[in-house]
Amino acid sequence: MSSMSSVAGLSKYITTLPNTKFSIRSITIFTLIIGLLIGIIVPNGEKNIFYQIIGAIIVSFMSFGLTSIICGVVNERAIHLMGGINLKVKHSMFLTFINGSAISFLTLLGVIFSARPGTILAFLEFGCIIIFAFSFLVFWSVTRVGLVKSSLIAFLQPLLSIIVLELINFLGLNLISITLSISLIVKIIVGSLIFELAIILFILTLAAPMKKNLKIGMLDLISLFVSHMNEGTHLLEDKFTEVGQDIDTLVSVVSFKNEKGIKGLFISPAVHPGPLGNIGGGNMPTILANKFEPFTMVAHGPSTHDFNPTHINEIDKIEESVKKAVSNIEYSNKASKFRRYSYKTANIGVQFFNKGMNVLSTFAPLGSDDIEFSVGLIMMVRASKKFEDTTAIIVDCHNSFSKESGQVLPGDPEVFELIETIDTIESDERYEGIKMGCDQSHMEGLTKDNGVGDSGLKTMIIEVDGQRTAYLLFDSNNMEVGFRKEIMNAVCELDIDEAEVMTTDTHSVNTISRGYNPIGLSKREEIIEYTKTSVKKAIDDLEEVEAGCATEKIKSIRSFGPNNSTELISTISSTVQVSKIIAPITFIVAIFLNLLWLIY
């Protein structure tokens, strides 16, 4: 699997945290259960077992449950007042729920193994150190309040738990003998510093390559990414813009107009809709389409992650180029029928419109990913050279994904297969009379979890000399292998002669917990029904139009750039792999040193 696949796979760890009420209920129930178990396990001596259990439940909740709830609120306020980001109450409460569960469970283990004097206290101290370390790691990596402030706030929960236990002990209710002493505090502080040092060394080791190669701080990258996930901010784009490169690329357009004006646009920009979510061009197909009043389809042009816009505002440059292209289009009512050509694994569908030709490429039923820009440019030049004075519009249908799918890059055998396929294209007869109908279905009930982006499905039906061709564009990031054929078979039962299925490659659907998220992994029958309904509506919308094509240069669009994109992806990928080795070693050593410190 490629480095990009490894990086995209990290999004499987992205999840939505539960709400505040869930965390409060959970920590309450968990600490009450822990108290019950402690009350049953601890020898009762001359005490009444019932009162002992009730006392243990109260002690557990007060020391670990109530303190967690209090710190859930206090930590959020403290981070906010210090100018930090990303820590809402629900995040803070879930963090303290994890911490409260950990320290109470470790205390229970101490009770279970309490044959040796001081064992319970040692487990309690270790629990304080563990929750400090976890809180510090979270605060330092995502809130941007700095190392010292993160340390101080992280120490609040273990300190409060110790204080409450001491207060309960003073009142004579505590089942755990504890005295708030300098020795106790020193043990916890030293143990916490051992873990903190391990975390700092771990982070600095992993962050060094990214800082050196890309001048981007890893903690900045993490915190700004989390900010985007939580609040939809675009602060991360500023970092990408700093290290990005200005490139020139192309956008191609097929325009259809009726008596009232432009009825529909079919756009193929050689700009990649990434990296993910709404960052940069992640939701470019929808954003760009919404900038035009007529019905607009934004297909996937030949481009890879090298051509990801660094900022959402860069999409405005694509809009300007599209408008310029449309203003230069020559229209005609002549078009060819849709025809298919293939050579080995490469398959293309071609339809001529006036002085332009729309070339839809796919490797289906085999899996494939992005076609690199230079490969698309070669296809475009080859086609334009074969048919003089003809604008070739190259579309990567992006409609057949498997985990083994790879990009089509210069030097790959697939490149020559595409070129050979282009060479087999024949200049078909142009027929007078073009009809076009269109429809958009938002496929209500289907979400990003089903691989469906904001634009849903857009359908365009082209009728030439009695042949009806359905152009089906799903706002999705690729399509599960085999699903394309199912859709085409279903559509061709509806008085449709030819059909091609495409996806926009939107990366807005990649923010859910699955990594790559092609359409067709779920709800296939519902998707097909929505498609059939949309095709019927587009057929009903058929009317006489004229068509024309144009290609325009997009100048100085800020993108990741060939060097930086590869560097970023490979650096993140290698960092992930290295962390799998360094993390266990670092933290096992920290745990071992803490155990030595606490026990001896």
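Below you will find a few notes about this structure. Only a predicted model underlies this, so the values are computations on that prediction, with no experimental measurement involved.

**Describing the packing of helix α5 (residues 119-142) against helix α6 (residues 147-154)**
Put simply, α5 and α6 touch, their axes get as near as 8 Å, and they point 140° apart. Put simply, α5 runs oblique to α6. Crossing geometry of α5 relative to α6 is assigned as right-handed. In this structure, α5 contributes Phe-132, Ser-135, Phe-136, Phe-139 and Trp-140 to the contact, and α6 contributes Leu-147, Ser-150, Ser-151, Ile-153 and Ala-154.

**Some thoughts on the packing of aromatic side chains**
Enumeration over the complete set of coordinates arrives at twelve aromatic pairs. Measuring from centroid to centroid gives 4.8 Å for Phe-240 and Phe-560, while their planes differ by 50°, and the two rings are tilted. With Phe-240 in helix α10 (residues 235-243) and Phe-560 in the loop between β14 (543-559) and α17 (562-599), this pair connects stretches of sequence that are 320 residues apart. The buried category is assigned to Phe-240, whose relative accessible area is 7%. Grouped by ring-pair contacts, the aromatic residues Phe-132, Phe-136, Trp-140 and Phe-155 constitute a single cluster.

**Digging into unusual backbone geometry**
Going from Gly-274 to Pro-275, the amide bond is cis rather than trans, its omega being 10°. For Pro-275, the position within the fold is in the loop between β2 (261-269) and α11 (284-289). Following Ala-364, the chain continues to Pro-365 via a peptide bond in cis, the omega torsion being 10°. Residues other than glycine seldom take positive phi values, yet Asn-478 does so here, at roughly 70°. Structurally, the position occupied by Asn-478 is in the loop between β12 (467-474) and α15 (483-491). Under the relative-accessibility criterion, Asn-478 is labelled buried at 0%.

**Comments concerning the state of the cysteines**
Within the structure shown, the criterion is met by zero disulfides. Cysteine Cys-438 remains unbridged, with the sulfur of Cys-549 as its closest cysteine sulfur at 17 Å. Looking at Cys-438, the relative accessible area reads 15%, which means it is buried. We note that Cys-549 lacks a disulfide partner, and the nearest cysteine sulfur, in Cys-397, lies 16 Å from it. Among the residues examined, Cys-549 registers a relative accessible area of 11% and is labelled buried.

Rules and cut-offs
Residues numbered from 1 in each chain as written. Predicted model: local features only at pLDDT ≥ 70, side-chain atom pairs only at ≥ 80, totals over all residues. Heavy atoms only, no water. Axes fitted to C-alpha atoms, helices over the stretch in contact; angles between N-to-C directions. Helix = DSSP H or I, 4+ residues; strand = E, 2+ residues; numbered from the N terminus. Parallel < 35°, antiparallel > 145°, perpendicular 65-115°, else oblique. Left-handed = near helix turned anticlockwise from the far one by under 90°. Contact = heavy atoms within 4.5 Å. Phe/Tyr/Trp six-rings, centres within 6.5 Å; stacked < 30°, edge-to-face > 60°. Buried < 20%, exposed > 50% of the residue type's maximum accessible area, 1.4 Å probe, protein only. Disulfide = S-S within 2.5 Å.

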